Amino acid sequence: MSSPTQPPDNGRGADPGPMRFVGLGVQLAASLLVLVWLGQWVDRRLHTGGIATVLGAAIAFAGTMVSLIRELNRKDREGPGRGRGLR
């Protein structure tokens, strides 16, 4: 049970530090693989000379960067020391 001065424990524990970004790395790798594969398939079908492959890679990278920026902004809004037991 939590005291009135401490936020309730949501089961996440302390700040995971840089490990919270591992998921973003996996997201980048998976999205690059899928969208580059899809871009190559489109290029073969439409004979577009690699344009769809490059666009797929750019979309995957941009999407991961948006996720990274949102994650960093969310952590900034929570403020320093939140979730770490510091006051």
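Refer to the structure above for everything that follows.
Since this is a predicted model, take the numbers as computed values, not measurements.

Definitions and limits used
Every chain is numbered on its own, with residues counted from 1 as its sequence reads. Totals for whole chains, interfaces and linings use every residue, but because this is a predicted model, local features are given only for residues with pLDDT of at least 70 and side-chain atom pairs only at 80 or more, for both listing and counting. Calculated side-chain values reflect all of the structure's heavy atoms, with hydrogen atoms and water omitted. A run of H or I in DSSP becomes a helix once it reaches four residues, and a run of E becomes a strand once it reaches two; helices and strands are each numbered from the N terminus. Each helix should span, by expectation, one fewer than its residue count multiplied by 1.5 Å. Residue burial is assigned from relative accessible area. The probe radius is 1.4 Å, only protein chains are included, and a residue is buried under 20% of its type maximum, exposed over 50%, and partly exposed in between. In this analysis, two residues are considered to be in contact whenever any of their non-hydrogen atoms come within 4.5 Å of each other. Here, patches come from residues exposed beyond 30% relative accessible area and free of salt bridges, joined within 9 Å for like charges and within 5 Å for nonpolar side chains (Val, Leu, Ile, Met, Phe, Trp, Tyr). Accessible areas in this description were obtained via Shrake-Rupley with a 1.4 Å probe; residue shielding takes into account the shown protein chains only. Counted as salt bridges are all cases of a side-chain nitrogen of Lys or Arg within 4 Å of a carboxyl oxygen of Asp or Glu.

## A look at helix α1 (residues 22-46)
- End to end, α1 covers 36 Å across 25 residues, agreeing with the expected 36 Å (1.5 Å per residue, within 8%).
- Turning to α1, its buried residues number three or more, namely Leu24, Ser31, Gly39 and Asp43.
- In this structure, the buried side of α1 is in contact with α2 (51-78).

## Looking at a nonpolar patch on the surface
- On the surface, a cluster of nonpolar side chains totalling about 290 Å² of accessible area is made up of Met19, Val22 and Val26.
- When its relative accessible area of 42% is taken as the criterion, Val22 is described as partly exposed.

## Let's talk about α2
- The terminal C-alpha atoms of α2, which comprises 28 residues, lie 41 Å apart, in line with the 40 Å expected from a rise of 1.5 Å per residue.
- Within α2, burial applies to Ala52, Thr53, Gly56, Ala60, Thr64 and Glu71.
- Of the surrounding elements, those touching the buried residues of α2 are α1.

## A few points about the environment of Val42
- With respect to the helices, strands and loops of the structure, Val42 is situated in helix α1.
- Since its relative accessible area comes to 24%, Val42 is described here as partly exposed.
- C-alpha of Val42 to C-alpha of Ala52: the two residues are 10 residues apart in sequence and 6.4 Å apart in space.

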